[in-house]
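# A look at the structure
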Amino acid sequence: QVQLVESGGGLVQPGGSLRLSCAATGSIFTIIIMDWYRQAPGKQRELVARITSGASTNYADSVKGRFTISRDIAKDTVYLQMDSLKPEDTAVYYCRVLGRETYSSRPSDYWGQGTQVTVSS
């Protein structure tokens, strides 16, 4: 069974940086998409960044130029480097992976447990 283990959240001052990590553990045959979402209190969960199996990336307009998504294929791990953080970046950040556990299985969604990022002075 595939599990996603997140790390790297915390408290940071405005203008600071954090790096989130999300490792897929267990048996996963192929990863199609790796995403980072976030959810702030009272708001809907939103897509922050995406990286595909072809290494294409997409970002929410609110984080373009400040956040960078990357991956380590050998480790089945996705990262989110967050620079120039703002108070409005405060949220719980979740990783999501779309992948197959076997060659013939249908794609499935997997979600991490979430990690809190707080940007405050």
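The text that follows walks through the structure, step by step, so that each part is easy to find. These numbers come from a predicted model, not from an experiment.

This brings us to the nonpolar core. As a rule of thumb, nonpolar side chains are buried together in soluble globular proteins. With 30 residues, the main nonpolar core has L4, W36, F67, V78, L80, M82 and Y93 as its most contacted residues. For this core, the secondary-structure elements that each account for two or more residues are β3 (18-25), β4 (30-39), β5 (46-52), β7 (67-72), β8 (77-82), β9 (91-100) and β11 (115-119).

With respect to the secondary-structure elements, D76 resides in the loop between β7 and β8. A sequence separation of 45 residues divides D76 from I31, and the C-alpha atoms of the two residues are 8.0 Å apart. Ignoring anything within four residues of it in the chain, the contact list for D76 reads C22, A23, A24, I28, I31 and M34.

All right, on to the state of the cysteines then. Taken as a whole, this structure holds one disulfide when the rule is applied. Each sulfur of the disulfide joining C22 and C95 lies 1.9 Å from the other. Every disulfide takes its handedness from the sign of the S-S torsion; for C22 and C95 that torsion is 50°, giving right-handed. Residue C22 is found in strand β3, and its partner C95 is found in strand β9; the two are separated by 73 residues along the sequence. We note that C22, like C95, is buried.

Further remarks concern the pattern of salt bridges. Across all of its chains, the model carries seven salt bridges by this definition. The shortest N-O distance in the salt bridge between D61 and K64 comes to 3.1 Å. Between D89 and R66 there is a salt bridge, and its shortest N-O distance comes to 2.7 Å. Of this pair, D89 sits in the loop between β8 and β9 while R66 is found in the loop between β6 (57-59) and β7, placing the two residues 23 residues apart along the sequence. For D89, a relative accessible area of 0% gives the class buried.

Moving on, we get to the pairing of β11. Along β11, the buried face is formed by T115, V117 and V119; none of Q116 and T118, which line the opposite face, is buried. The sheet contact formed by strand β2 (residues 10-12) and β11 spans three bridges and is parallel. The partner of L11 across the bridge, within β11, is T118. Here β9 pairs with β11 via three bridges, running antiparallel. When the bridges of β11 are listed, A91 appears paired with V117.

Within the fold, T115 resides in strand β11. On the basis of relative accessible area, T115 is assigned to the buried category, the value being 11%. Of the polar contacts made by the side chain of T115, one reaches the backbone nitrogen of G9; its length is 3.3 Å. Sequence-distant contacts of T115, defined by excluding residues within four places in its chain, comprise E6, G9, L20, A91, V92 and Y93.

Criteria and cut-off values
- Residues numbered from 1 in each chain as written.
- Predicted model: local features only at pLDDT ≥ 70, side-chain atom pairs only at ≥ 80, totals over all residues.
- Heavy atoms only, no water.
- Core = buried A, V, L, I, M, F, W, Y, C linked by side-chain atoms within 4.5 Å.
- Buried < 20%, exposed > 50% of the residue type's maximum accessible area, 1.4 Å probe, protein only.
- Helix = DSSP H or I, 4+ residues; strand = E, 2+ residues; numbered from the N terminus.
- Contact = heavy atoms within 4.5 Å.
- Disulfide = S-S within 2.5 Å.
- Salt bridge = Lys/Arg side-chain N within 4 Å of Asp/Glu carboxyl O.
- Pairing = 2+ DSSP bridges.
- Polar contact = N/O pair within 3.5 Å; in protein donor to acceptor, adjacent residues only side chain to side chain.

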